Amino acid sequence: MKRYEVIVVGGGLAGLRAAIEINRHNVKIAIISKVHPLRSHSIAAQGGINAPLGNHFRGIYDTWEKHAFDTVKGSDYLADQDAVIRMTKDAADRIYELEHWGCPFSRTAEGRIAQRPFGGAGFPRACYASDKTGHALLHTLYQQIIQLKHASEREEMVMYDEWLVTDLVIEEGVCVGVIVMDIISGEIEALQAGAVIFATGGSGRIYGNTTNALINTGLGMAIPYWAGVPLKDMEFIQFHPTTTLGKNILITEGCRGEGGFLLNNKGERFLEKYDDSRKDMEIAPRDIIARNIVREIMAGYGYDDSYVFLDLRHLGREKILQRLPGIRDICMEFIGIDPVDSLIPIKPGQHYTMGGIDCNIECETKIKGLYAAGESACISVHGANRLGGNSLLDTIVFGAIAGGNAAKYVQNSERQKSENRLNDVLKLTKRNIDKIGKSTGAEKPVTIKNELNKIMDAKVGIFRNAPDLRVAVCEIKALQERYRQIKLDYTGSRVNLGLVWALELKGNLDVAEACLMGALAREESRGAHFRTDFPGRDDTNWLKHTLSYFTEEGVRLDYAPVNIGPFVPKKRQY
Ligand SMILES: Cc1cc2nc3c(=O)[nH]c(=O)nc-3n(C[C@H](O)[C@H](O)[C@H](O)COP(=O)(O)OP(=O)(O)OC[C@H]3O[C@@H](n4cnc5c(N)ncnc54)[C@H](O)[C@@H]3O)c2cc1C
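Reading the values: the criteria
- Here the residue index of a chain counts from 1 through its sequence in written order.
- Totals for whole chains, interfaces and linings use all residues, but because this is a predicted model, local features are given only for residues with pLDDT of at least 70 and pairs of side-chain atoms are given and counted only at 80 or more.
- Side-chain metrics in this entry use all non-hydrogen atoms of the structure; hydrogen atoms and water are not considered.
- The axes used here are C-alpha line fits, helices contributing only the stretch in contact, and every angle between their N-to-C directions lies in the interval 0 to 180 degrees.
- The numbering of helices and of strands both runs from the N terminus, where a helix is a DSSP run of H or I of at least 4 residues and a strand a run of E of at least 2.
- When an angle is under 35 degrees it counts as roughly parallel; over 145 it counts as roughly antiparallel; between 65 and 115 it counts as roughly perpendicular; any other value is oblique.
- Contact definition: two residues touch when any of their heavy atoms are within 4.5 Å.
- Any residue that is not Ala, Val, Leu, Ile, Met, Phe, Trp, Tyr, Cys, Pro, Asp, Glu, Lys or Arg is counted as polar, Gly included; the first ten are nonpolar and the last four charged.
- Points on a 1 Å grid, built from protein atoms alone, make a cavity when a 1.4 Å probe fits but cannot get out and make a pocket when they are open with protein on both sides within 12 Å along at least 5 of 7 lines; residues with an atom within 4 Å of a point are the lining residues.
- Grid points are joined across faces, edges and corners, and a volume is the space filled by probe spheres set on the points.
- UniProt positions are given in the numbering used here, feature names are shortened, and annotations may be inferred rather than shown by experiment.
- Only buried residues count toward a nonpolar core. Its members are Ala, Val, Leu, Ile, Met, Phe, Trp, Tyr and Cys residues joined through side-chain atoms within 4.5 Å.
- Think of it in three bands: residues with accessible area under 20% of the maximum for their type are buried, residues over 50% are exposed, and the middle band is partly exposed, with areas taken using a 1.4 Å probe on protein chains only.
- DSSP bridges decide pairing: two strands pair if at least two such bridges lie between them.

**Student:** Describe in detail the packing of helix α5 (residues 219-226) against helix α14 (residues 497-521), supporting the description with residues and values.
**Tutor:** When two helices pack together, their arrangement is given by the angle between their axes and by how far apart the axes lie. Packing of α5 against α14 leaves a shortest axis separation of 8 Å and a crossing angle of 75 degrees. Of the possible angle classes, the one that applies to α5 and α14 is roughly perpendicular. Across from Leu-219, Met-221, Ala-222, Tyr-225 and Trp-226 in α5, the residues of α14 making contact are Leu-503, Glu-504, Lys-506, Gly-507, Asp-510, Val-511 and Ala-514. Considering only residue class, the contact of α5 with α14 consists of eight nonpolar, one polar and three charged.

Here is the structure:
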């Protein structure tokens, strides 16, 4: 049986940043990714990554304290303030490190890293590489990985590209490895590990109308959840205000940061009608703008009762070509319009999973030797609403922290001796997969997936209420029952993507259930979670994190206190 000191699951920004840190400790590591790392969703990030670089703007200098305050206020006071402070204090160092590794950030006329305004930030704080920031960051980290891999003579870094992790193996409360399937050959094996880091990204594909890549399923969060780690704050789902009509491709907040306008069917900048967006207009926080777009459409001021327009025309051709070339390409390729002279039809869509695998500020979960980082983790720095540009920052700051801590943990702990538990779980996984292959049921996984997406889009969206959520719970439970009867069209072992999607679907259903149960229980409105039947924030009863535990009967909910620091909760006004 192969053994690694640390296994990192995920080849996105969080996973690769963790791997670089682990390598600094001379620890043998495997990076497992179900797609080639450069196809991870991080590659799609557009607008920017936040850091208080001390640049000066209208006579004011940015500081980590201001960044921390904006983040906590943006989170509607649900973020843990110790974690936010750690992230904002580390931010500038992590950005300069990326710069020194060659990340091609856009520049100011003086040659400094350029920064653009983003929603909810009192300062132009988002560093960017035109509108392809994720592309620049992921390639920078991947180049470091390749360099380290080739520099190591003892095969200290092994890549498993296109391998799917299906299970975690826990022995007496300690994580001892994972079960993986080689997607190409269909072979399944157990890998022993001294520590495992989950950096498996978001689970946006539990929704249909989402900006997330097809690979962003619930499985990465479900695997630790099934193994006993709670999921935290799963009801908090971010809806991005501007996604393309029909396909929900992201149109970055950078468009509004650069000065774009949102217009209703009368050509008015309608955000000025609403108290919470009147002051900051197009750069108010995402939860507020997304709600006000939907309100505007519901009031009859949208186009075809379904969308509004984003107007970039006044920015001028040169600025659009220089700062937003990717957005222009998306508009021309997928909508057939050129934003230089045409309006972009947009509507909100699912974008980010604020909740995730429960872990502390050291990225430790409740299982010894198991860590989480990036969008799959909930530390929590985003609370009830993430600010644009803070997620990329979260991946590199906490990726590095998770990597450092996992490496130190394996260096200080005894080598695991027993392979029995790994072999037992391997047998169970093989039996389960065999069962799916031999099933004579009549359910198609894709039908169940489509129905799940419809339920989430219709009943667990921007505005929520108890009757809809209750119906959705019953519907999802029915889908979980039907899942037992799934049948695959192709049962061979080589490149069986039908099987991969079937395994992913189980994760989608269970993670969606956690999201729903949290949303139904939380009888208040905070950040991105808006209950029309409880429209106010209720700090007396609900200033707490939701913890969802997996049980065979369904979700068991529990709660945990929020770490409040220097920023005393008050009404969130912009
Ligand atoms: C279109 C778009 C634009 C965005 N723009 C911005 C932005 O401008 N600024 C910002 O701050 N944030 C942005 N975000 C959010 C941000 O990009 C993501 O939150 C972040 O990149 C997630 O990184 P990650 O490393 O956690 O996960 P990902 O990049 O999603 O990587 C997850 C990895 O896990 C692997 N994996 C998952 N499950 C398994 C499994 N079971 N077995 C094996 N491997 C597995 C995948 O193969 C992948 O390598 C954007 C998001 C989207 C969708």
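**Student:** Outline empty space enclosed by the protein, supporting the account with residue identities and numerical values.
**Tutor:** A full pass over the atoms with the stated rule returns two cavities of 30 Å³ or more. Along its surface, the largest cavity is lined by Gln-238, Phe-239, Asp-287, Ala-290, Arg-291, Asn-385, Ile-462 and Ala-528. Of all the secondary structure elements, the ones that give two or more residues to the lining of the largest cavity are β13 (237-244) and α7 (286-301). If you tally residues by element for the lining of the largest cavity, the top one is α7, at three residues. One number sums up the size of the second largest cavity: a volume of about 30 Å³. Lining the second largest cavity, in full, are Met-354, Gly-374, Ala-377, Cys-378, Ile-379, Ser-380, Val-381, His-382 and Asp-394. Class assignment for the residues of the lining of the second largest cavity results in five nonpolar, three polar and one charged.

**Student:** Pulling in residues and values, what's your account of the layout of surface pockets?
**Tutor:** Roughly 1300 Å³ of volume is contained in the second largest pocket. Considering the residues around the second largest pocket, the lining is formed by 34 residues, among which Trp-226, Asn-432, Lys-506, Phe-550 and Glu-552 are closest to the centre. Sorting the residues of the lining of the second largest pocket by element identifies β9 (163-171), α5, α11 (420-438), α13 (466-483), α14 and β22 (544-551) as the ones contributing at least two each. Per-element tally for the lining of the second largest pocket: the top contributor is α11, with eight residues.

**Student:** Residues and numbers for the UniProt feature "active site" (unreviewed entry) in the protein chain, please.
**Tutor:** Within this numbering scheme, the UniProt entry marks Arg-286 as carrying the feature "active site" (unreviewed entry). Along the chain, Arg-286 falls in helix α7. The residues touching Arg-286, leaving out its near neighbours within four places in the chain, are Phe-118, Gln-238, Phe-239, His-240, Pro-241, Glu-253, His-351, Asn-385, Arg-386 and Gly-388.

**Student:** Could you give me a rundown of the nonpolar core, with the residues and numbers involved?
**Tutor:** The biggest cluster of nonpolar side chains holds 143 residues, and the ones touching the most others in it are Ile-7 and Val-196. No other element matches the 13 residues that α14 contributes to this core. Not counting residues within four places of it along the chain, the set of residues in contact with Val-196 comprises Ile-7, Val-9, Leu-168, Cys-175, Gly-177, Val-178, Gly-369, Leu-370 and Tyr-371. Of all hydrophobic cores here, the second largest spans 27 residues; its members include Leu-262, Ile-297, Leu-310 and Leu-312.

**Student:** Account for the sheet that holds strand β19 (residues 377-378), with residues named and values stated.
**Tutor:** Taken in spatial order, the five strands of this open sheet run β19-β17-β12-β22-β23, and their pairing is mixed. With one partner strand each, in any of the chains shown, β19 and β23 (554-561) form the two edges of the open sheet.

**Student:** Please set out the environment of Ser-106 residue by residue, giving values where relevant.
**Tutor:** Summarising the element assignment, Ser-106 is placed in the loop between α3 (81-100) and β6 (115-116). Along the chain, Ser-106 and Pro-52 lie 54 residues apart, while their C-alpha atoms are 16 Å from each other. Not counting chain neighbours up to four residues away, the residues in contact with Ser-106 comprise Arg-112, Ile-113, Ala-114, Tyr-128, Ala-129 and Ser-130.

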